[in-house]
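A closer look at the structure
The residues making up each chain are set out below.
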Amino acid sequence: MANLKDIKKRIGTVKNTQQITKAMKMVSAAKLRRAQEAVVAARPYADKLAEVLSSMASREMEENHPLLEQREKKTALLLVVTADRGLCGGFNSNIAKAAEAFMRENSQGFESYKLRIVGRKGNELLKRRQGAAIDKVYENITGSISYATAALLGQEVVSDYESEQFDAVFIIYNRFHSAINQEVTTAQLLPIIPEISEEDRYVADYIYEPSCGEVLDSILPKYVEVQVFRALLESVASEHGARMSSMDSASKNAAEMINKLTLKYNRARQAAITTELMEIISGAESIK
Amino acid sequence: MAEKLKLEMVTPYKKVLSEEVDEIIAPGVVGELGLLPGHTPLLTTLKVGELTYRKGSASFHVAVNWGYVEVEEDAVTVLVETAEPADEIDLARAKAALGRAEEALKKLSTEDKEYRVMEAALERAMIRIQVAGRKSR
């Protein structure tokens, strides 16, 4: 009989776990929707800014701006965007792996790397690795992304770049495709490579106020900020998506396990009844 | 020459406006800037201020905070960090913010790092109040 009781207990525990995973899935689904809306809402601004930049680029790029200039490749900064919390499948470890691979392959030939990490999990995963110095860690900012946070992060990167603490900046984050599909993306933040659109738009002489140089001075750092902002938003949406799908499969696994255990429980119960019946019948037989 | 300007205003949080308008007055960094259809291509930075656009005889006011205006072929793109149409401004909140900024400025000396931050906050609050005051017009 002890066996029966054990199985019943197991079923209870699995059911509890399933309830938790189900609840987490619901929460993630709600958060995902909000994050997704934020990503979509931020797109026009980022696209427009990129457009303005590229239309400037196609005209007057002879102007040498420190943020556009390629420097000697000594130190590179990796801005690694992860989550503060786990339980979201391969979300964080994929990013950590990509960062490690990027440094190992070193396809651009930098002498050393520095890391700035967004999210507690990324720090936990990457701090054990040798060879890359973790410069800064930003924790607890992915809860609610505001433009101000991203701007601060971006400004810090830009000013440290200008003071030549590093010669290039890359950002590694999860790009959001859908709830079940995220893609680890590496993009270059600095020096800025403006996308010059091939289609030759109506090229006119622009009037710049106050001057072309001053407009560039303010538009380029802004561009970096917006890129960071966008990456953070995408990463947050991806995080919730990843968590939602991993919690969904966890709930499914729990349901499967409950089914198996219930079957086992019923079998054991039946066996117990059969033996009991046999005992009673044989007892009655012996009295006759 | 088209007769209308296509005005698009976007912030990092959303697309605020996308409308056909007759005239735009923007707070350029070197002074107020009137834009009419047929304007020559222009790219300028904006300061904190009030952007006005006119549709027919109706004027609309928006408090904007730091950004750009690009004009190209009668399409006007306004990229700003925040944009608040007059009827969305909470006057009480703006006044409270103004009071806070004034208080803080009294305590700080001009050398403090915070001074400039608070000064900017003061400016924003003043613009907001100014724009909100035009609601009824």
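Residues numbered from 1 in each chain as written. Chains lettered and ligands numbered in written order. Predicted model: local features only at pLDDT ≥ 70, side-chain atom pairs only at ≥ 80, totals over all residues. Heavy atoms only, no water.

1. Some thoughts on the environment of B:Glu119
Residue and element names in this part refer to chain B. Note the cut-off: By the criteria applied, helices consist of DSSP H or I runs no shorter than four residues and strands consist of E runs no shorter than two, each listed in order from the N terminus. Remark: exposure states derive from per-residue accessible area (1.4 Å probe, protein chains only) relative to the maximum for the residue type, with buried under 20%, exposed over 50%, and partly exposed in between.
Structurally, glutamate 119 is set in helix H2 (residues 113–132). Residue classification places glutamate 119 among the partly exposed positions, given a relative accessible area of 36%. Measuring from C-alpha to C-alpha, the distance between glutamate 119 and phenylalanine 60 comes to 27 Å, with 59 residues separating the pair along the chain.

2. Brief notes about the pairing of strand E5 (residues 181–190) of chain A
Remember that side chains alternate between the two faces of the sheet whenever the strand is regular. Residue and element names in this part refer to chain A. Where we set the bar: Pairing between two strands requires that DSSP report at least two bridges joining them.
The sheet contact formed by strand E4 (residues 168–178) and E5 spans nine bridges and is antiparallel. Counted as the bridge partner of arginine 175 is glutamate 183 from E5. Hairpin connection of E4 to E5: two residues between the antiparallel strands.

3. Concerning the side chain of B:His61
All names here are of chain B. Applied cut-off: As used in this structure description, the phrase polar contact means that two N or O atoms lie within 3.5 Å; if the pair is within protein, one of them must be able to donate a hydrogen and the other to accept it, and residues adjacent in sequence are counted only when both atoms belong to side chains. It only takes one pair of heavy atoms within 4.5 Å for two residues to be counted as in contact.
As for its position among the elements, histidine 61 is in strand E7 (residues 58–72). At 2.8 Å, the side chain of histidine 61 and the side chain of glutamate 50 are in polar contact. A distance of 3.4 Å separates the side chain of histidine 61 from the side chain of threonine 52, its partner in a polar contact. Aside from chain neighbours lying at most four places away, what touches histidine 61 is Glu50, Leu51, Thr52, Glu84, Pro85, Ala86, Val131 and Arg134.

4. Considering the domain arrangement of chain A
Put simply, the rule reads: Domain boundaries shown here were taken from an automatic or database domain assignment.
Domain annotation of chain A identifies domain 1 (4–24 + 246–287) and domain 2 (44–242). Here domain 1 of chain A and domain 2 of chain A have C-alpha centroids that lie 53 Å from each other.

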